[in-house]
2 protein chains.
Amino acid sequence: MHHSFNILTTTTPSESPEPPLKHEDNRMRILICPSGFKESLDTHVVADCIEEGVRRIVPDAVIKKVPLFDGGEGFAKALITSTGGTLRDITITGPVNQPVASQYGLLGDNGPKTAVIDMAAAAGLRLVPKDLRDPTVTTTYGVGELLFAALEEGVERILVGCGDSGTSDGGAGMLQALGARLLDKHGHELPLAQGGKSLSTLADIDRTHLHPRLREVEIEVACNFKNVLCGPKGVARVYGPQKGATPAQVEMLAAALDTYGLIVSRKLGQTVSSLPGSGASGGLGAGLLLLGAKLRPRYEAITEYFGINDDLFRDNHHLVFTAEGKIDAQTTQGKIPAEIAVRAKKHGLPVIALAGTVGDDANANYGAGIDAYTSIMQGPMTLEDAMEAAERLLRDSAETAMRMVMLGKSLNADIHTTASAPVPVPVPAPAAAAAAGAGMTKTKAYKKVFPSLSMFTFVCVSFLWLAALYTSHDPSCISLK
Amino acid sequence: MHHSFNILTTTTPSESPEPPLKHEDNRMRILICPSGFKESLDTHVVADCIEEGVRRIVPDAVIKKVPLFDGGEGFAKALITSTGGTLRDITITGPVNQPVASQYGLLGDNGPKTAVIDMAAAAGLRLVPKDLRDPTVTTTYGVGELLFAALEEGVERILVGCGDSGTSDGGAGMLQALGARLLDKHGHELPLAQGGKSLSTLADIDRTHLHPRLREVEIEVACNFKNVLCGPKGVARVYGPQKGATPAQVEMLAAALDTYGLIVSRKLGQTVSSLPGSGASGGLGAGLLLLGAKLRPRYEAITEYFGINDDLFRDNHHLVFTAEGKIDAQTTQGKIPAEIAVRAKKHGLPVIALAGTVGDDANANYGAGIDAYTSIMQGPMTLEDAMEAAERLLRDSAETAMRMVMLGKSLNADIHTTASAPVPVPVPAPAAAAAAGAGMTKTKAYKKVFPSLSMFTFVCVSFLWLAALYTSHDPSCISLK
């Protein structure tokens, strides 16, 4: 693990310098690993709100906050902030070919000179006006311009965060911005930045004139490995509708990306259409592969950049809180709460997820290791009002969750309950093991046996001591008459 | 306790005849005592939904459902249903002097012939069209008509449920319908059914011509004892605004009810303005006092009618669920969740409340003995959508609460947490005692000590037995050398 930057904060109620953590003390240890709430709360704020709510009920809890980012909007800025790096302002071509004031960052650490880029800063859904949301025409040309600028600046390494994209062009626009020529079967170059639809006539990609520094630079891409370029779970079909595509546009786009996938595969001598991450950010992953980039699972890459590793979960915690703006079936497909839950469950830790909205089929998350999730809403209200009150709602919701947990903790452990698997979803092995122990942890089972053992030992010792006393007088009499 | 009718249902997962409850078995025992959700879910449905959600997590729980009514809308009908009584249809004068198809009931039990009346069936807020909501003019005349009909029918006893009123006339309209004459200082009779505003010119009440059977009949009123007729916490100021009064109308109404209160007090030879229940249903309580009625605290009276008593809470339960459409500061003022919580806390039982809406200053309920409350919402939504989905939302919310409780139950009991009193509200004595034990119930504290005690006893017995063995040989040697 290189280039890691610690942004973790562990707090205790006192303001004095943090005492060394004594794991052998018996205070409650709580880990808070949220995502931000999109367009509402920054992940640091989410973590702070949860802490505040928890402390209302368990003031002396030892709380470790690990605010997380998903590689989408704000990832670059967060990483720059945490390393004391610098941001570069640059105007690039937006997803609907409009000029966009964008940014990329340069890390502030002592490693190789590294640029960090959010694809969303150049081609995010937020940059596509609502009335122009048509992923068959939006382009990643601006992403290429950000990479170009970073290359010109002489960086040795580029980190690209995927997520929140408003495009579905397979990264074709990006390739063009970096000098690649997209050719039809007549050898004519396709016009620049025309979006995914234009790929239906693609016959070849000429990489001769790509920026020469691409050969020297290491590109790492943090992307969702559940996203693939083609097929029934391909990016056009899974994300097309939420980016504004009609059913007909989805199928047209899927066909165009099939064509694109074949050509990229041919260029790389490897099938990319179903490679994990090839469909990330509307297929940008596939385009980045053509630049020699290394795709990495988002959670793994980003936690490494931020200096977080799975030892986190090994650290004697009792409970994990996570959070995201919305929890639904897609959460299990690589979103932060599910990534956290799977890891927490490997260590048998219970996980509670707080969400602005609990969406369709959210109960799939029980299979991912989330023990309970809840919406922070306090009654019928508009999205606008909810976003306005989000901090208060989140604090209160964390308090309520903690109240229920403590209520449960106060129940007599001897109450028997049958193990229940309420939701018929596939449970990964570690989660299943943890679920089986839900009624009683191993530690607790041990504790239940232990008093009897110690009592037995004590009685034996007493017996032997008295027996010794006795036999010193009349050895023949050690017998039950 | 007479005239009680059992509507309780205790269910176990099997469909077979209910086995006798073995309190010594160690299954989880849960009590579900909800109110209905106004204009959305009937209290029986609320209880069923909560049971279903709980059973998803603890399938073998022993669950006792006690759906409750607050004396408002639907109280008479529920009591008639539970006693196999009959409903009488009758058209009366509504709160805005419109004809209203109303009902009263006759109990079906073997006691004295008893009528039961919801005041809301004749003068409820629901009967006041939204654009006519002005509690200075709405009247309880129709309530008097219901009583009149019951008297004519020859009943010996009348139960009146207060709640959900749309009036604030002190019951003046009711008195008029029963034959009383309201007189101004010139001895002129006030016009009929003119609402609270008209009471400002009241100088005397002539009861000479009241229905003669009122002298023979016993009237019991189930009303909220927190409601008083006059003063800063008087009914005009507390409920006027939600019945549609402007601030100016509130003060005018308060002054008129002060006048009314003085005259009622003079007639009864007792100050009624601050008597508990005198302000119930817009002061209807005061008017009923003038008829010789007995006011009773709502929860106590209604649970008696339905055959519920506080032994309920003594029945070895581990956890209580309650619910109401809205939980806010007013909930502590005699609403069902708070009444349940106060009683549950006397027996050290933890209480969770589920609500459609968590309203202003809801945290006052922590002081009443509710350990945790939550809204059943799953995201921003309209009231209409929430009411449409209410059953599903309630089931899911009960499941989530139970998940958090079981999560807490699985935590190691040895985790130490400081007791916290998160909300600075007055805590009644029983609730305070329970709160102090929140981290650990008395039972659990006892259990922690008990193994040591039993071990000690065993060791002593062993010691004495060996000592006896020993001394049978050489009595002089009982000493530690």
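Residues numbered from 1 in each chain as written. Chains lettered and ligands numbered in written order. Predicted model: local features only at pLDDT ≥ 70, side-chain atom pairs only at ≥ 80, totals over all residues. Heavy atoms only, no water.

### Concerning the overall build of chain A
Counting secondary structure elements, chain A contains 16 helices and 14 strands. Split into buried and exposed, the 481 residues of chain A put 56% on the buried side. In chain A, once contacts between residues fewer than 6 apart in sequence are set aside, the share between residues at least 24 apart is 75%. Entry remark: accessible area of chain A is about 19600 Å², with carbon and sulfur atoms responsible for 55%. (Helix = DSSP H or I, 4+ residues; strand = E, 2+ residues; numbered from the N terminus. Buried < 20%, exposed > 50% of the residue type's maximum accessible area, 1.4 Å probe, protein only. Contact = heavy atoms within 4.5 Å. Areas by Shrake-Rupley, 256 points an atom, 1.4 Å probe, with all protein chains shown as cover.)

### Comments concerning helix α11 (residues 336-346) of chain B
Residues lying three or four places apart along an α-helix face the same way, a consequence of the helix completing one turn every 3.6 residues. All names here are of chain B. Most of α11 sits inside the fold, with 9 of its 11 residues counted as buried. Listed in full, the buried residues belonging to α11 are Ile336, Pro337, Ala338, Glu339, Ile340, Ala341, Arg343, Ala344 and Lys345. At the exit of α11 stands Gly348, carrying a positive phi of roughly 70°.

### Focus on the packing of aromatic side chains
With the rule as written, the count across this model stands at 6 aromatic pairs over all chains. Judged by centre distance (5.0 Å) and plane angle (20°), the ring pair of B:Phe69 and B:Phe306 falls under stacked. Placement of the pair is B:Phe69 in the loop between β3 (62-65) and α2 (75-83) and B:Phe306 in the loop between α9 (298-305) and α10 (311-314), with a sequence separation of 237 residues. Given the relative accessible area of 13%, B:Phe69 is considered buried. Taken together, a centroid distance of 4.8 Å and an interplanar angle of 15° make the contact between B:Tyr366 and B:Tyr373 stacked. The exposure class of B:Tyr373 is buried, given its relative accessible area of 8%. The aromatic ring of B:Tyr366 is capped on one face by A:Arg403, whose charged end is 3.2 Å from the ring centroid. (Phe/Tyr/Trp six-rings, centres within 6.5 Å; stacked < 30°, edge-to-face > 60°. Lys NZ or Arg CZ within 6 Å of the ring centre and 35° of its normal.)

### Concerning the sheet that holds strand β11 (residues 294-297) of chain A
Residue and element names in this part refer to chain A. The 6 strands are arranged β4-β5-β6-β7-β10-β11 in an open sheet whose pairing can be described as mixed. Taken across any chain shown, the strands that pair with only one partner, and hence form the sheet edges, are β4 (86-93) and β11. Averaged over all adjacent pairs, the angle separating strand axes in this sheet is 25°, with direction ignored. Two strands pair when backbone bridges link them, and strand β6 (residues 114-118) and strand β7 (residues 157-161) are joined in this way by 5 bridges, in the parallel orientation. Looking at β7, one finds that Thr114 is bridged to Arg157. Seen against the sheet, helix α2 (residues 75-83) touches β4, β5 (99-106), β6 and β7 and runs at an angle of roughly 145° to β6. The strands touched by helix α9 (residues 298-305) within the sheet are β7, β10 (218-223) and β11, with β11 carrying the most contacts at an inclination of about 90°. (Pairing = 2+ DSSP bridges. Axes fitted to C-alpha atoms, helices over the stretch in contact; angles between N-to-C directions.)

### Details of the environment of B:Asp360
Residues and elements named next belong to chain B. Relative to the assigned elements, Asp360 resides in the loop between β13 (351-358) and α12 (364-367). Asp360 sits in the exposed class, given a relative accessible area of 64%. When the C-alpha positions of Asp360 and Lys326 are compared, they lie 10.0 Å apart, and in sequence the two are 34 residues distant. Residue contacts for Asp360: discarding those within four places in its chain leaves Asp328 and Ala329.

### Remarks on the pattern of salt bridges
All names here are of chain A. The tally for this structure, following the rule as stated, stands at 54 salt bridges over all chains. Lys65 serves as the salt-bridge partner of Glu51, at 2.8 Å between the closest nitrogen and oxygen. Of this pair, Glu51 sits in helix α1 (residues 43-57) while Lys65 is found in strand β3 (residues 62-65), placing the two residues 14 residues apart along the sequence. Note on Glu51: relative accessible area 10%, which makes it buried. Given the relative accessible area of 8%, Lys65 is considered buried. (Salt bridge = Lys/Arg side-chain N within 4 Å of Asp/Glu carboxyl O.)

### Notes on unusual backbone geometry
Residues and elements named next belong to chain A. The phi torsion at Ala193 lies on the positive side, around 55°, for a residue other than glycine. Checked against the element boundaries, Ala193 lands in the loop between β8 (181-184) and β9 (202-206). What makes Ala193 buried here is its relative accessible area of 5%. For Ser281, which is not glycine, the phi dihedral falls at a positive 50°. On the secondary structure map, Ser281 appears in helix α8 (residues 280-290). With relative accessibility at 6%, the residue Ser281 sits in the buried group.

### A few points about the sheet that holds strand β4 (residues 86-93) of chain B
All names here are of chain B. What the 6 strands build is an open sheet, ordered β4-β5-β6-β7-β10-β11; its pairing is mixed. Unpaired on one side and paired on the other, β4 and β11 (294-297) mark the two borders of the sheet. The mean angle between the axes of side-by-side strands here comes to 25°, regardless of whether they run parallel or antiparallel. As defined by bridge partners, strand β5 (residues 99-106) adjoins strand β6 (residues 114-118) across 2 bridges and the pair is classed as antiparallel. Looking at the pairing, Leu106 lines up with Ala115 of β6. Helix α4 (residues 141-152) rests against β4, β5, β6 and β7 (157-161) of the sheet, and its axis sits at about 135° to β4.

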